[in-house]
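One letter stands for each residue in the lines below.
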Number of protein chains: 2
Amino acid sequence: MSDAIVKQIEEQGAEVRRLKGDKASTEDAKTEAIQKLLALKLAYKEATGEDYVAPNARQAKPPKQQAQKPEVKKQTLLGVGTRKDDNYSEWYSEVITKAEMIEYYDVSGCYVLRPWSFAVWESIQEWFDSRIKKLGVKNCYFPMFVSNAALEREKTHIADFAPEVAWVTRAGNSEMAEPVAIRPTSETVMYPSYKKWVQSHRDLPIKLNQWCNVVRWEFKHPTPFLRTREFLWQEGHTAYANAADAEKEVFQILDLYAGVYNDLLAIPVVKGRKSEKEKFAGGDFTTTVEAYVACNGRGIQGATSHHLGQNFSKMFEISYEDPSREGERAYAWQNSWGLSTRSIGAMIMVHGDDKGLVLPPRVAAVQVIVVPVGFKTSNKDSLFDAVDKVTKDLVAGGVKAEHDLRENYNAGWKFNHWELKGVPIRFEVGPNDLAKKQVTAVIRHNGEKQQVSMDGIVASVKTLLDDIHTQMYNKALAQRDAHLKTTTDIEEFKKHLDEKCIILSPFCGLPECEEKIKNASTREDGEGAQMGAKTLCIPLEQPKQALPSKCLFPSCTEKAKAFALFGRSY
Amino acid sequence: MSDAIVKQIEEQGAEVRRLKGDKASTEDAKTEAIQKLLALKLAYKEATGEDYVAPNARQAKPPKQQAQKPEVKKQTLLGVGTRKDDNYSEWYSEVITKAEMIEYYDVSGCYVLRPWSFAVWESIQEWFDSRIKKLGVKNCYFPMFVSNAALEREKTHIADFAPEVAWVTRAGNSEMAEPVAIRPTSETVMYPSYKKWVQSHRDLPIKLNQWCNVVRWEFKHPTPFLRTREFLWQEGHTAYANAADAEKEVFQILDLYAGVYNDLLAIPVVKGRKSEKEKFAGGDFTTTVEAYVACNGRGIQGATSHHLGQNFSKMFEISYEDPSREGERAYAWQNSWGLSTRSIGAMIMVHGDDKGLVLPPRVAAVQVIVVPVGFKTSNKDSLFDAVDKVTKDLVAGGVKAEHDLRENYNAGWKFNHWELKGVPIRFEVGPNDLAKKQVTAVIRHNGEKQQVSMDGIVASVKTLLDDIHTQMYNKALAQRDAHLKTTTDIEEFKKHLDEKCIILSPFCGLPECEEKIKNASTREDGEGAQMGAKTLCIPLEQPKQALPSKCLFPSCTEKAKAFALFGRSY
């Protein structure tokens, strides 16, 4: 059975390549051929349970898989063996394990978040949590289980999530009479309670948030942080008496999400709306912050803030007697918004380099590592005392500083170790430094060295950490902007895409047209498919140039509604 | 089938009553008869899926169930309709719903933690988290799913948890080839990673903690906070190179747990060790803090800190080359320790009264509610301004204060509302107060009124909150101590038990003997079974009197090892 499909896939792949090389062929013909190819691949997956991989791509796999689940002997394997530009996927696997961010786990798609990565999440939590509380949002906790009845209440919504829902059907040795689902997101968990709580317009607004785990049992190839079956996030769910208040909040939250990326993770993002095709199922509109990963040219959705309109409130009957229209029910206007541990993956991808992880200072578990250098038996005690004092002064001043006084590792090993782990600043303290009442600071992200006086060292370090943050942000911004193109021509569009760019193009907004653009930009070049472009967002801030009337897709007859940002995407 | 069992249960129940009334019958005979009765009830449950309920107890049920899932119209149903002493179970259900701690949910054993209760949990988290971090513990996150292979590695452990484990067997519409379990606790989730991380004694200690949800699919009657199928907790898991360091930590953590109860929840606890019968399955010994609930005379396990010894490290191969014995493996010494949202249930049970919830000040989401009284159109603005200013001053000073300026509710309604919700201090601000530059403070837990000058009000309130904490603690302590008895006589023991006491008695420590004591103290009086006593703990601090050599149980021939604290228990 699957052999027959493989043969068909190979033939259809050849046909697609032929059409793409043939200038006489129409875009519609190519689109149709590609769709047929994709359908064949889907059939293959259904028959075999695995993604179709082209034969020559298949050979490259085993070493990659080996790299992903290393049985690390950490004494022997210091440093990253793969260059980021050579193979970002292997590089990523090495960095996250060797920097002790992730431990692999024996349930597919699930990973251990070790303290080094969890500390990043704690920084994000603290920052975001204090800010939503200022907006009047309160934390709570709803059950992780959802009954089938509640889950299926909103049809569009559940249609999107149903294929990935994990079901608990057995407790101990007993089959359960009514299996329960594990939340993929909590709209259907929460809104039956909202119905109970809303009896009058005075019960609104409701502004709740929870920090929790959710489960989406995807069958695509999992990647730590970026695509995992269980992940951590916050999900805010609010309900208002009028649309304007709800919509205002959508953008307040979006600004906070942009803040997490800009001000904490040192990653520039584009704020925008999702297209009809990409928006949250069951909602009115979705806003998003979109980041860019240079090493593979992909866009990455950073966090989304949805306006649900009245769709859910009508399904879940979250309503009250309308004070302005006697005898009529008014339905609440709702939002939901979420930010997940995926943000940590974006941070690693954007800032990491060939030496390993590079942590933005504001989310680093350790901001400064203090290492004694050039010590002998004669001066060891005084040097270690000095290292200890500097570290304690920094900690007392609110800097996350630690020292590394281990004597079974030499200074060179320690430098590599803390560079691999991405600590923003290394302080080297040697006899000469001590004599001059200074330390030598080495900056992780650019390797620069500078001397820092012991006098006023806390203030100096805080300034330095802020400078590092700004430099890392600016570097990422320059890299992003160098790969941000604008075009109205589909051929140029495809060329940019293959040059790892994201592209602003006029777009009509229709899902069918987006599908055609995606298919037209899917590359079947025998090295395994390169996915097509989709819209990352319709940027809130549009390019200054006038919007052309024509949509990017050649045969589209609709008018362009806005510039959309397109890209290959996570 | 079940009719036949019911007949047998009734006959056996009569036999138990006869034996208990017959002075000539031996304890062993009674024990045997009770065990037979319990076995019959188990058979009934297996046949019907429900607990056996005696016919006369059954009739009392419907109104109770009604009270537990009220469709509350909060405008009409203010105040608690049931007195705590009349029916603590109904009282509890009313309080947790009307005080907006809990919303009921359509999956049995799962409940919504509303912001009012979640804020208590956040206070506990903040307190405990900062203290374990000072001990060098780091936060992390392990997957919620566990493979069958890992789950079954430690046999004693899994034997205890297996009947309650929830299994995910389906994703979307596909049956999973290998179902995965949801963690009931994370020993088996974490320790395969610990194995990877420990290669040398230098890799120890490992000190990790996670705040997460766990699932135990119990079939006993669920109670919000106290027995739920999903609950939130923290679980710490540490590994040391030597036993002494590990054991030291067990008691450091136990002290922190005692601190959560004493210093935050204003609940006295007894620190002790669990008996062999009650200890954590697979561990060496379990320590616990035990609280007392006066309204039903039950003990309640507050939190447990386990020393696992080397049992898990041997099963999971967490070992390294022993530096002191060449060629030999040394196994890590491990602890695990957990505190859950059950603590909130204990708080409600211990402090609540007939007016509703009484929140200990240090965990209250709102510590002071400021209410304007006696205002008319003429003075409303100045009064509201004064209320607003007092509230803002308190907040600026670090007090959790809010005001209630709603004009559609009168002052009396507001008093009841905030008393029901348990806010520790109510400030009433009227024209007379304003003239005298004071406010009238009403203390929730004792109803006392006092005037507080506006001058230095922040400092006054902070002192007052501390005083309230101490008074609430002392009240609970006095209540507990009035019900803490010591006896060596089993008949007196049973009498105390029925008088809602917990009892210190000499005990040999053997599981069989504990089982006999439990059976001997089980009361079958036709009003539904009253559960027998079990050991709550062997208190670390033993009574001052000399330990009698004889164990409590009359026919026991073992020597008493220590005074154990017995009680009916959650």
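For clarity, every value in this text was computed on a predicted model and none was experimentally measured.

**Remarks on the pattern of salt bridges**
Going through the model one piece at a time under the given rule, you end up with 72 salt bridges over all chains. Between R83(A) and D86(A) there is a salt bridge whose closest N-O contact spans 3.6 Å. Between K98(B) and E94(B) there is a salt bridge, and its shortest N-O distance comes to 3.0 Å. Within this pair, K98(B) and its partner E94(B) are both found in helix α5 (residues 88-98), separated by four residues, close to a single helical turn.

**Observations regarding the relation of the copies chain B and chain A**
When chain B is fitted to chain A, the best match, at an RMSD of 0.1 Å, comes from turning it 180° and sliding it 0.0 Å along the axis. Such a combination of turn and shift is consistent with a two-fold rotation axis. In terms of proximity to the rotation axis, the leading residue of chain B is V168(B), whose C-alpha is 2.1 Å off the axis.

**As for the environment of E278(A)**
Tracing the backbone through its elements, the reader meets E278(A) in the loop between β9 (270-273) and β10 (285-293). As for E278(A) and L536(A), which are separated by 258 residues in sequence, their C-alpha atoms are 8.2 Å apart.

**Here's the deal with the packing of helix α6 (residues 115-134) of chain A against helix α10 (residues 243-264) of chain A**
All names here are of chain A. Interhelical geometry of α6 versus α10 gives an angle of 150° and a closest axis separation of 11 Å. In the crossing of α6 with α10, the sense of the turn from one axis to the other is right-handed. Contacts between α6 and α10 pair S123, I124, W127, F128, R131 and I132 from the former with I253, L256, Y257, G259, V260, D263 and L264 from the latter. Among the residues making up the contact of α6 with α10, the classes are represented as nine nonpolar, two polar and two charged.

**A closer look at the interface of chain B and chain A**
With 63 residues of chain B at the contact, the number on the chain A side is 63 residues. For the pair chain B and chain A, the summed buried area comes to about 5200 Å², and 56% of that belongs to carbon and sulfur atoms. If you look at where chain B meets chain A, you find four salt bridges. One can count 30 residue pairs in polar contact (both at pLDDT 80 or more) joining chain B with chain A.

**With respect to helix α14 (residues 411-420) of chain B**
Burial analysis of α14(B) places seven of its ten residues in the buried class, the great majority of the element. By the burial criterion, the buried members of α14(B) are W413(B), K414(B), F415(B), H417(B), W418(B), E419(B) and L420(B).

**Observations concerning the packing of aromatic side chains**
Residue and element names in this part refer to chain A. Applying the stated rule across the entire model yields 40 aromatic pairs over all chains. Centroid distance Y191 to Y194: 5.3 Å. Interplanar angle 55°. Geometry classified as tilted. In this pair, Y191 and Y194 both sit in helix α9 (residues 187-197), three residues apart, roughly one turn of the helix. Relative accessible area serves as the criterion here: at 0%, Y191 is assigned to the buried category. You can call Y194 buried: its relative accessible area is 0%.

**What to know about the confidence of the model for chain A**
A low pLDDT means the predicted coordinates there should not be read in detail. Residue and element names in this part refer to chain A. Of all residues in chain A, 91% attain a pLDDT of 70 or more, and the chain-wide mean is 91. Confidence over residues 56-76 falls short of pLDDT 50; this stretch has 24 contacts with residues more than four positions distant or in other chains. Across the predicted assembly, pTM comes out at 0.88 and ipTM at 0.87.

**Here's the deal with the sheet that holds strand β15 (residues 368-372) of chain A**
In a beta sheet, neighbouring strands pair by backbone hydrogen bonds and run either parallel or antiparallel. All names here are of chain A. On the basis of which strands lie adjacent, the open sheet formed by five strands has the order β16-β15-β17-β18-β19 and mixed pairing. Only two strands of the sheet have a single partner each, and these edge strands are β16 (401-403) and β19 (449-453). Going across the sheet, the axis of each strand differs from the next one's by a mean of 30°, ignoring polarity. In this sheet, β19 lies alongside strand β18 (residues 438-443) in antiparallel orientation, the contact comprising five bridges. Within β19, the residue paired with V439 across the bridge is V452. Sheet strands touched by helix α13 (residues 380-396): β15, β16 and β17 (425-429). Its angle to β16, the strand with the most contacts, is close to 165°.

**Regarding the sheet that holds strand β21 (residues 502-507) of chain A**
Here we have eleven strands laid out as an open sheet, ordered β3-β7-β8-β14-β11-β10-β9-β22-β23-β21-β20 (chain A), and mixed in their pairing. The open sheet has two edge strands with one neighbour each: β3 (138-139) and β20 (484-486) of chain A.

**So, the side chain of S275(B)**
Residue and element names in this part refer to chain B. Counting through the fold element by element, S275 comes out in the loop between β9 (270-273) and β10 (285-293). There is a polar contact of 3.0 Å between the side chain of S275 and the side chain of T535. Beyond its immediate chain neighbours, meaning those up to four positions away, S275 contacts F507, E514 and T535.

**Considering the nonpolar core**
Counting residues in each nonpolar core, the largest one holds 219 residues, and the members touching the most others are M101(A), F145(A), I348(A), M101(B), F145(B) and I348(B). Setting aside residues no more than four positions away along its own chain, I348(A) makes contact with W91(A), Y92(A), V95(A), I96(A), M101(A), F225(A) and L357(A).

Rules and cut-offs
- Residues numbered from 1 in each chain as written.
- Chains lettered and ligands numbered in written order.
- Predicted model: local features only at pLDDT ≥ 70, side-chain atom pairs only at ≥ 80, totals over all residues.
- Heavy atoms only, no water.
- Salt bridge = Lys/Arg side-chain N within 4 Å of Asp/Glu carboxyl O.
- Helix = DSSP H or I, 4+ residues; strand = E, 2+ residues; numbered from the N terminus.
- Least-squares fit on C-alpha atoms with pLDDT ≥ 70 in both.
- Axes fitted to C-alpha atoms, helices over the stretch in contact; angles between N-to-C directions.
- Left-handed = near helix turned anticlockwise from the far one by under 90°.
- Contact = heavy atoms within 4.5 Å.
- Nonpolar A, V, L, I, M, F, W, Y, C, P; charged D, E, K, R; others polar.
- Buried area = accessible area lost by both parts, 1.4 Å probe.
- Polar contact = N/O pair within 3.5 Å; in protein donor to acceptor, adjacent residues only side chain to side chain.
- Buried < 20%, exposed > 50% of the residue type's maximum accessible area, 1.4 Å probe, protein only.
- Phe/Tyr/Trp six-rings, centres within 6.5 Å; stacked < 30°, edge-to-face > 60°.
- pLDDT = per-residue confidence, 0-100.
- Pairing = 2+ DSSP bridges.
- Core = buried A, V, L, I, M, F, W, Y, C linked by side-chain atoms within 4.5 Å.

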